[in-house]
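Observations on chain architecture
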Amino acid sequence: MLLKGKTALVTGASKGIGNAVAETFLKNGAVVYAVSRSEGDLSKLQAAAEEAGTRVVFKACDVGDEPAVTALVKEIIKESGGLDIVVNNAGITRDGLIARMPAEAWNEVLKVNLASAFYVCKAVSMHLLSRRGGSIINMSSVVGLHGNAGQTNYSASKAGLIGLTKSLAQELAPRGVRVNAICPGFIATEMTDKLNEEQKAALFGRIPMARMGSAAEIAAAALWLASDLSTYVTGQAITVDGGMTM
Ligand code: NAD
């Protein structure tokens, strides 16, 4: 129950890593506002909330739509009475070599993965400053540190999230608001289901632990960053990648 009494907003919570983060937060007593484009299967989250004696509230929103995000954050702050934890997790891929990449694939990935975090952070920053505390977690990627052929758009968005994290951490630190990024390695979700066996085998060769991570293993890192176990940690990009980055 590391998050009892806290309220969290998690984007991209309908499946994959965001869903595991929402579930872990609920199991630890937080009230969770689960934001996603579509509702998906919320039964797991509802069961976790019930068991922990807390609640999950679903809100539909396209995180790439600034006016919608601003209105949503305002609504959640009013409805919940105050936010403590914000996880910018929603993300997409539109892979391809740069020579063949339509500008639309570049723009879409930058908007959903990076501009969305700016919209959310802008909308919550004054609120968290006035509460003199809070934890913002941005879901980056090891690809934002290393780059990856075929993912110029995705890598740029994830590297951008690290820059946003470090700059915002400096802006908000004096009032006790912490901002960190998580850089997952290769995690078993729908996003990585798209890889063929050959691509997966090549990736395993680069992971000392020689396996993919689970969404729950990323959620555990998010729990630590969201909780009071990490009160002296800000501006960090924490890799959770089976040893790929060392
Ligand atoms: P996923 O495809 O399983 O889930 C993505 C989630 O984001 C879904 O809930 C989806 O509805 C939501 N989403 C997408 N576009 C949205 C939009 N415009 N508005 C609102 N919600 C939107 O992906 P995942 O693997 O769980 O990835 C989650 C995050 O972790 C992403 O930011 C991804 O880049 C990052 N990440 C994943 C891996 C991996 O190996 N899976 C590795 C590193 C980083």
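Scroll up for the structure.
Report follows, based on the coordinates. (Residues numbered from 1 in each chain as written. Predicted model: local features only at pLDDT ≥ 70, side-chain atom pairs only at ≥ 80, totals over all residues. Heavy atoms only, no water.)

Notes on the environment of P67
Definition in use: Here a strand is any run of E in DSSP of at least two residues, a helix any run of H or I of at least four, and the numbering for each starts at the N terminus. Burial classes follow relative accessibility: with a 1.4 Å probe on protein chains only, a residue under 20% of its type's maximum area counts as buried, one over 50% as exposed, and anything between as partly exposed.
Looking at the secondary structure, you find P67 in helix 3 (residues 66-80). Using a relative accessible area of 61% as the deciding quantity, one classes P67 as exposed. Each C-alpha atom, one on P67 and one on T234, is 28 Å from the other, the two residues being 167 residues apart in sequence.

Section: the layout of surface pockets
Defined as follows: Buried and open spaces are told apart on a 1 Å grid over the protein atoms alone, a cavity being a set of points where a 1.4 Å probe fits but cannot get out and a pocket being an open set with protein on both sides within 12 Å along at least five of seven lines. Residues with an atom within 4 Å of a point are the lining residues. Grid points are joined across faces, edges and corners, and a volume is the space filled by probe spheres set on the points. The classification used treats Ala, Val, Leu, Ile, Met, Phe, Trp, Tyr, Cys and Pro as nonpolar, Asp, Glu, Lys and Arg as charged, and all other residues, Gly among them, as polar.
In this structure, the largest pocket occupies an estimated 1100 Å³ of space. Along its surface, the largest pocket is lined by 47 residues, and G91, I92, T93, Y154 and M191 are the ones closest to its centre. For the lining of the largest pocket, the secondary-structure elements that each account for two or more residues are helix 1 (16-27), strand 2 (31-36), helix 4 (103-131), helix 6 (152-172), helix 7 (190-193) and helix 8 (197-204). Per-class residue counts for the lining of the largest pocket are 19 nonpolar, 19 polar and nine charged. Of the voids in this model, the second largest pocket is the one considered here, and its volume is about 240 Å³. If you trace the second largest pocket, you find 16 residues lining it, with G133, G134, G176, R178 and T231 closest to the centre.

Considering the pairing of strand 2
Filter applied, for reference: Looking down the strands as they point away from the viewer, one classifies a crossover as right-handed if the path from the first strand across the helix to the second runs clockwise. A pair of strands is labelled paired if DSSP reports no fewer than 2 bridges between them.
A large share of strand 2 lies buried, amounting to six of its six residues. Going residue by residue along strand 2, you find V31, Y33 and V35 tucked away on one face and V32, A34 and S36 tucked away on the opposite face as well. As for the winding sense of the linkage, the β-α-β connection from strand 1 (residues 7-11) through helix 1 to strand 2 is right-handed. Sheet topology places strand 2 next to strand 3 (residues 56-60); five bridges connect them, and they run parallel. Within the sheet, the bridge partner assigned to Y33 lies in strand 3 and is V57. Handedness of the crossover joining strand 2 and strand 3 through helix 2 (residues 43-52) is recorded here as right-handed.

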